[in-house]
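What follows is the residue order along each chain.
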Amino acid sequence: MAVSNQITVALHEIAHARAGDKGNHLNISVFAYEPADYPLLAEQLTEARVLQHFSSRSPTSVKRYLLPKLGGMNFVLENVLDGGVNDSLNLDSHGKTLSFHLLKLTIFGARRR
Amino acid sequence: MLCEPPFARLRSSNLVNMKQDAQVGTLLVGCAAGGSGDRLDAARPIVDEFIERGLPSVLIFENLAERTLAFAQLAKRSNPESGYEPLLVEEVGPILQDCLRHGIAIVSNFGAANPQGAAQRLLKLAVELGCEPPRIAIIEGDDLSDTHGQQLLRPLLADELAQGTFVSANVYQGAWEIADALKAGAQIVVTGRVADPSLVLGPAIAHFGWPRDDWHRLAGATMAGHLLECGAQVTGGYFADPGLKDVPDLADVGYPIAELSADGSCIITKPRGTGGMVSVRTVKEQLLYEVHDPQAYITPDVVADITEAEIEQLGPDRVRLTGVRGHTRPPTLKALVYFEGGWLGEAEISYAGPNAEARARLAMEIVRKRMGNDVDLRYDLIGRLSVHADDKGALLGETSIRDGKDIRLRVAVRHDAEARIDQLLREVYSLWLCGPAGGGGVRTSKRQRLSNASCLVPREAVPAAFRFVE
């Protein structure tokens, strides 16, 4: 096994994502470009890690739904939008740009595309 | 000119097909808008494609984001003639004649707060274009803004209604009244608030004749509607990431068409000769868009489960969705209630060149001191942090690199009193004169906000119905 091929890569290189809001909650779906990378995402993109990654936005919970048939997963981050479109003072009160915050994470052991 | 009732044609085509193999043939549904303010030239290529293919076809426009309807309610309050989609004529005018001539039904929530007003405007438009007046049905029962509606909501949202200044309330209606209107011969169906996917499910029910408890098929067409409801978001819009996810010709992106089958599955495609693309990836991203639990996507019509769904590329710009399952629809309907939400003020000023970020941060401190501690202010250093930070400024405080060379300070404030908003706008304006060196490009704005609350209403309490508008 060529261990030297296994490096840490940006999630952005091996997966794509889209965010959507519901009130003060946000969902971000993440899909591996290559089905072979899905198990790595399932292993390393844990609820705890995503909660930590968004800590500056203080989500009260992160729930992950795995979608193996689609090679991806859906994260639901609760109360992460400073009140969302009702109350937030953020330019992006919907949190739609936060999909690319998630994509800043790194994954170990993937092959570069 | 010939103005054929679309579903008369659908019904006769169904009968022909049923004689052949008991399976009703394909229904095409195209979506030419994913929100009020979306592109106005999206419908033409879809309608051209419908005409060329000659299959039973329905055109939908999704024009009602959550807040759009509350603002429409306010517009109607100040002018009872308004309250429907302000660009209705621009949206429908270019294709109305062809839709009526070729039996293409139009279904849309562009009625907003005033479906009757939209229907009357469309009747006038048809006459202006030299068509026979079309049969237009409106769906009613979603608006709970009157006294009766508020009484209904009071036990469900007691605190919110006691504290807030009520603006409007609408309940999400479903697909069955749309289907009934089409079966009764409507050429155009105008709704207020219905669940977005119901705009697709309604025509599918009318076409295929599915029974009310055929949950899997209802769920399949519901998810087709979900894929369509945001327009180009399934055909390459909101998808491109140069070098990783390249999309051809987004300037001319084609809006989606779903080929619905009698088994509840669908193929997503787009008009020939348009930009954008339909791929497994574009469809996956949109399938999960604004979805929380993939096992329970709840609409008024069904609870859809996409955990076993499969997405397959059949050819260029042709992607099939199968395997959606459905469960019994919920006993309640969701109502969104809007209240006055105070004022939002925003003001910006730029600093560039040497020491720019330090000057911007100094400007921030000056505004903070001038405004006092009794208002909620948010600061962004655009060029350093503009959207990913929090309202409280924790991340901005932690961001230690301070060498930004082209920084735009944004200050935002919310308050119930307009005077406090005006004060902030003046404080940023006066940075021209009293602030750090080299500031420029001040812009200020203020607007009234709306806030909302939701509740679940027993569906028997809020029946919907269609009627024709003469």
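In this text, all values refer to a predicted model and were calculated from it rather than measured experimentally. (Residues numbered from 1 in each chain as written. Chains lettered and ligands numbered in written order. Predicted model: local features only at pLDDT ≥ 70, side-chain atom pairs only at ≥ 80, totals over all residues.)

Overview of the overall build of chain B
Each helix and strand in chain B was counted, giving 15 helices and 18 strands. Relative to its length of 470 residues, chain B is compact, with a C-alpha radius of gyration of 25 Å against a globular reference of 23 Å. Along the first, second and third principal axes, the C-alpha set of chain B runs to 80 × 55 × 45 Å. Per-residue burial over chain B gives 51% buried out of 470 residues. A separation threshold of at least 6 residues defines the contact pool for chain B, and within that pool the share at least 24 residues apart is 76%. (Helix = DSSP H or I, 4+ residues; strand = E, 2+ residues; numbered from the N terminus. Rg over C-alpha atoms; globule rule 2.2 N^0.38 Å. Buried ≥ 20, exposed ≤ 12 C-beta atoms within 10 Å, placed from the backbone. Contact = placed C-beta atoms within 7 Å.)

Regarding the interface of chain A and chain B
Contacts between chain A and chain B engage 29 residues on the former and 34 residues on the latter. Elements that contribute at least two residues to the side of chain A that touches chain B include exactly strand S2 (15–22), strand S3 (25–32), strand S4 (61–67), strand S5 (72–78) and helix H4 (84–87) of chain A. Take the side of chain A that touches chain B: its biggest share by element is 4 residues, from S2(A). For the side of chain A that touches chain B, the per-class residue count stands at 9 nonpolar, 13 polar and 7 charged. (Nonpolar A, V, L, I, M, F, W, Y, C, P; charged D, E, K, R; others polar.)

Brief notes about helix H8 (residues 176–183) of chain B
For H8(B), the complete set of buried residues consists of B:Glu177, B:Ile178, B:Ala179, B:Ala181 and B:Leu182. At the C-terminal side of H8(B), B:Gly185 shows a positive phi close to 105°.

A closer look at the sheet that holds strand S6 (residues 188–190) of chain B
Residue and element names in this part refer to chain B. Overall, mixed pairing links the 10 strands, which are arranged S11-S12-S8-S7-S1-S2-S3-S6-S4-S18 in an open sheet. Each of the sheet's edge strands pairs with one partner strand only, and the pair in question is strand S11 (310–315) and strand S18 (465–469). Put simply, the sheet's adjacent strands are angled 25° from each other on average, direction ignored. (Pairing = 2+ DSSP bridges. Axes fitted to C-alpha atoms, helices over the stretch in contact; angles between N-to-C directions.)

Regarding the packing of H8(B) against helix H9 (residues 198–208) of chain B
All names here are of chain B. Put simply, H8 and H9 touch, their axes get as near as 7 Å, and they point 45° apart. In terms of axis orientation, H8 runs oblique to H9. For the pair H8 and H9, the sense of crossing is right-handed. Judged by residue contacts, Trp176, Ile178, Ala179, Leu182 and Lys183 of H8 engage Ser198, Gly202, Pro203, Ile205 and Ala206 from H9. Of the residues contributing to the contact of H8 with H9, the split by class is 7 nonpolar, 2 polar and 1 charged. (Parallel < 35°, antiparallel > 145°, perpendicular 65-115°, else oblique. Left-handed = near helix turned anticlockwise from the far one by under 90°.)

Here we look at unusual backbone geometry
In this model, A:Asp82 sits at a positive phi of 50°, which is unusual for a non-glycine residue. If you trace the backbone, A:Asp82 turns up in the loop between S5 and H4.

Here we look at the environment of B:Ala352
Residue and element names in this part refer to chain B. If you trace the backbone, Ala352 turns up in strand S14 (residues 332–352). Spatially, the C-alpha atom of Ala352 lies 6.0 Å from that of Ile407, the residues being 55 residues apart in sequence. Setting aside its immediate chain neighbours within four residues, Ala352 contacts Lys405 and Asp406.

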